[in-house]
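Observations on the model geometry
What follows is the residue order along each chain.
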Amino acid sequence: MAKQAIKPSLKNPFEPAEKVEFTIPGEIAGETGPYEEAMHQGHELMERPVKSVRIEQVEKQHFKKRMTVWERIRVLTDKEPNVLYQNWGKNLDGASLVTAILNIGGRDVALYGHDFTVRAGSIDATNGTKLANLFRMAGEKGLPLIGMNDSAGAFVPAGVGGLDGYAEAFTALRKISGVVPSIMCMFGFNAGGGSYLPRQGSFLIQPKDTFFGLTGPGVVKSVLGEDISPEDLGGPKVHGQSGVVDVTVADEVAALRTAVRLLGYVPDNNSVAPPYQETSDPLDRKTWEINTLLKKAFNSPTGFNTPVDVSIMIQQICDHGDYFELQPDRARCVITAFGRLGGNVVGFCANNSAVASGQIDVDAALKIARFVRFCNLYNIPVIFMEDTTGFLPGREQEARGIVQAGRAMLDAIVDLRTPRILLIIRNAFGGAYASFNNYPTGSDLVLALPTTRLAVMGPAGKEFVYKDEMRKIRAAVPEMVKKGVQERTAAGMGGDEAKKDAEKDTADWLKAREAELNQRYEKELMNPREGLTLGSISSIVMPTDLRKVLGENLGFFLRHYKPGPMQSVQREFH
């Protein structure tokens, strides 16, 4: 007895298919005609491709610890999806892709998902048109987009039609970039166009045991002769550190739930504000934990050079300590995250001195530029938290283009039109301060903790400020060594021993004099006083009042900000 292809369910797959009668309830049964036949044919079309999928294909997907596209939709919402196209043709053309409108938390969301149980989710010309139409609808109606990517790429038997399909989808998705936000999830094994398409989105989420890349390991081996695993070539660890992926998670369910959570921080489109969420966390809640953190750090033996994990400060400022970090595996010297303050969505862009003193390198600059640009496009205010000794110097950084990356960061900050506040935590030196959302670059408000050390340079600045004194101190070194040798020789010490002892004492003396100048430099110049005098800083705020002061000022600026698109459409990537 041949197996009968049926819709996957908990029912016995060998049970006879249910016969559907198309009669009006209460109607007296009679002879059927063309009408009933048309109803039967329509019902069969509605059931494709689900009824056309062999149970073995679903089992293969489950064996790989992957869900079907319909199961993934159920994780996103418990509401019935409004499937837009049932255009699976004679050869299942278009059937390997589902496009729909979902209701997620009361919001209309455009969705597409590859159905790997049908032709491995590959793309043909019909798929490309479906995708392009969905993207255009999302842009015209102002709907955010979620993509569930699980595709083998272009459908080879379709010839160039598959490539045209991808090209049409690429173009449509690019044109809604900056108009509606998009969240992409990577499932399965994707290569070529299956990698390019999702990375055109605003955010990309990748679970473990998945792959995507320009080419697969097989191509790499045949072309370069290099053996490499999918994980090492295009797994979440690789893409999470490079910044190709914004969030890495454990599995498919985590990816889909993360997408729903991230959706809660972004607006439907560039003409409206992000969703406001009422909070029971008092805005005037004292942030004592921040005070304790800074006190323990700066009263330690290493003093004001002690690293501080700024994520703890972000947590204490946000409503109920909840925030969503982006690209957490990349450039940890800076943290970019969404949070809520008084119910309003806000972006945090914070130097993290717990990693490399918070110095800004190429990856950090590009990470900041990407995040700030998104906030600018979608009406999200930004709080900058500064604690950096500057841009990371060195041959490697120059070779990688730190000047270009720093310029991209500066451009994004200068272009930012949404409400923005700068909070200086401690170090704010040189070019990093000059390009990190101060008043000249367009900040609405600059606040500083009493621990602020605002200066052109760090302690090394004493070489320029106290140049004459340093010259006199160092000029005295040879004479002090000579005098010390003479005194020790006269006391009966051997020549070599006397010289060595004199040089050590002189070095200790020099070190003590330099330490004194360091302390003097910090007291005279590395503090918030000059910034307050010049108007570079608006006011000092105590660590315990950070949530209250930031929240009240953010609320004021938002009351006087009208959400809307930029004067001309701006894209999320240069």
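Here goes a summary of the coordinates provided. (Residues numbered from 1 in each chain as written. Predicted model: local features only at pLDDT ≥ 70, side-chain atom pairs only at ≥ 80, totals over all residues. Heavy atoms only, no water.)

Regarding the nonpolar core
Membership of the largest hydrophobic core comes to 66 residues, with the highest contact counts inside it found for F338 and F384. Looking at this core element by element, the count peaks at 10 residues for helix α13 (residues 362-377). (Core = buried A, V, L, I, M, F, W, Y, C linked by side-chain atoms within 4.5 Å. Buried < 20%, exposed > 50% of the residue type's maximum accessible area, 1.4 Å probe, protein only. Helix = DSSP H or I, 4+ residues; strand = E, 2+ residues; numbered from the N terminus.)

What to know about a nonpolar patch on the surface
Taken together, the side chains of V219, V223 and L224 present a nonpolar region at the surface, about 300 Å² in accessible area. Note on placement: V219 falls in helix α7 (residues 217-224). When its relative accessible area of 40% is taken as the criterion, V219 is described as partly exposed. (Patch = residues over 30% accessible without salt bridge, like charges linked within 9 Å, V, L, I, M, F, W, Y side chains within 5 Å. Areas by Shrake-Rupley, 256 points an atom, 1.4 Å probe, with all protein chains shown as cover. Salt bridge = Lys/Arg side-chain N within 4 Å of Asp/Glu carboxyl O.)

Some details on the packing of aromatic side chains
Under the counting rule described, the total for this entry stands at 14 aromatic pairs. Residues F170 and Y196 carry aromatic rings whose centres are separated by 6.5 Å and whose planes lie at 85 degrees to one another, so their mutual orientation is edge-to-face. Of this pair, F170 sits in helix α5 (residues 160-175) while Y196 sits in helix α6 (residues 193-199), and the two are 26 residues apart along the sequence. A relative accessible area of 23% places F170 in the partly exposed class. Taking relative accessible area as the criterion, Y196 reaches 47% and is therefore assigned partly exposed. Taking the centre distance of 4.7 Å and the plane angle of 40 degrees together, the rings of F374 and Y378 count as tilted. Taken together through their ring pairs, the aromatic side chains of F203, Y265, F324, F338, F371, F374 and Y378 make up a single cluster. In this structure, R66 is placed above the aromatic ring of F116, and the distance from its NZ or CZ to the ring centre is 6.0 Å. A cation over an aromatic ring shows up here: R119 above the ring of F155, its NZ or CZ 3.9 Å from the ring centre. (Phe/Tyr/Trp six-rings, centres within 6.5 Å; stacked < 30°, edge-to-face > 60°. Lys NZ or Arg CZ within 6 Å of the ring centre and 35° of its normal.)

So, the sheet that holds strand β3 (residues 107-114)
Pairing within the open sheet is mixed, and its seven strands lie in the order β1-β2-β3-β4-β5-β7-β9. The open sheet is flanked by β1 (82-83) and β9 (247-249), the only strands paired with a single partner. In the sheet, strand β4 (residues 145-149) pairs with strand β5 (residues 182-186) via five bridges, with the strands oriented parallel. Across the sheet, the residue bridging to I146 is I183, located in β5. (Pairing = 2+ DSSP bridges.)

Things to note about the side chain of R340
Relative to the helices and strands, R340 resides in strand β11 (residues 334-341). Separated by 3.2 Å, the side chain of R340 and the backbone oxygen of P275 make a polar contact. Residue contacts for R340: discarding those within four places in its chain leaves G264, Y265, P275, Q277, C318, D319, D322, V345 and V346. (Polar contact = N/O pair within 3.5 Å; in protein donor to acceptor, adjacent residues only side chain to side chain. Contact = heavy atoms within 4.5 Å.)

Considerations on the packing of helix α4 (residues 125-141) against α5
The interhelical angle for the contact between α4 and α5, taken along N-to-C directions, is 10 degrees, at an axis separation of 7 Å. Taken together, α4 and α5 sit at an angle that is classed as roughly parallel. Here A125, G128, T129, L131, A132, F135 and R136 of α4 lie close against α5, whose contacting residues are G161, G162, G165, E168, A169, A172 and L173. In terms of residue class, the contact of α4 with α5 is made up of seven nonpolar, five polar and two charged. (Axes fitted to C-alpha atoms, helices over the stretch in contact; angles between N-to-C directions. Parallel < 35°, antiparallel > 145°, perpendicular 65-115°, else oblique. Nonpolar A, V, L, I, M, F, W, Y, C, P; charged D, E, K, R; others polar.)

Quick word on helix α15 (residues 402-415)
Along its 14 residues, α15 runs 20 Å from first to last C-alpha, staying within 8% of the 20 Å computed at 1.5 Å per residue. Listed as buried for α15 are I402, A405, G406, A408, M409, A412 and I413. Seen end-on, α15 carries its buried residues on one side only, within an arc spanning 155 degrees. In α15, the exposed positions angled more than 90 degrees off the buried face are occupied by V403 and Q404. (Expected span 1.5 Å × (residues − 1). Arc of directions from axis to C-beta.)

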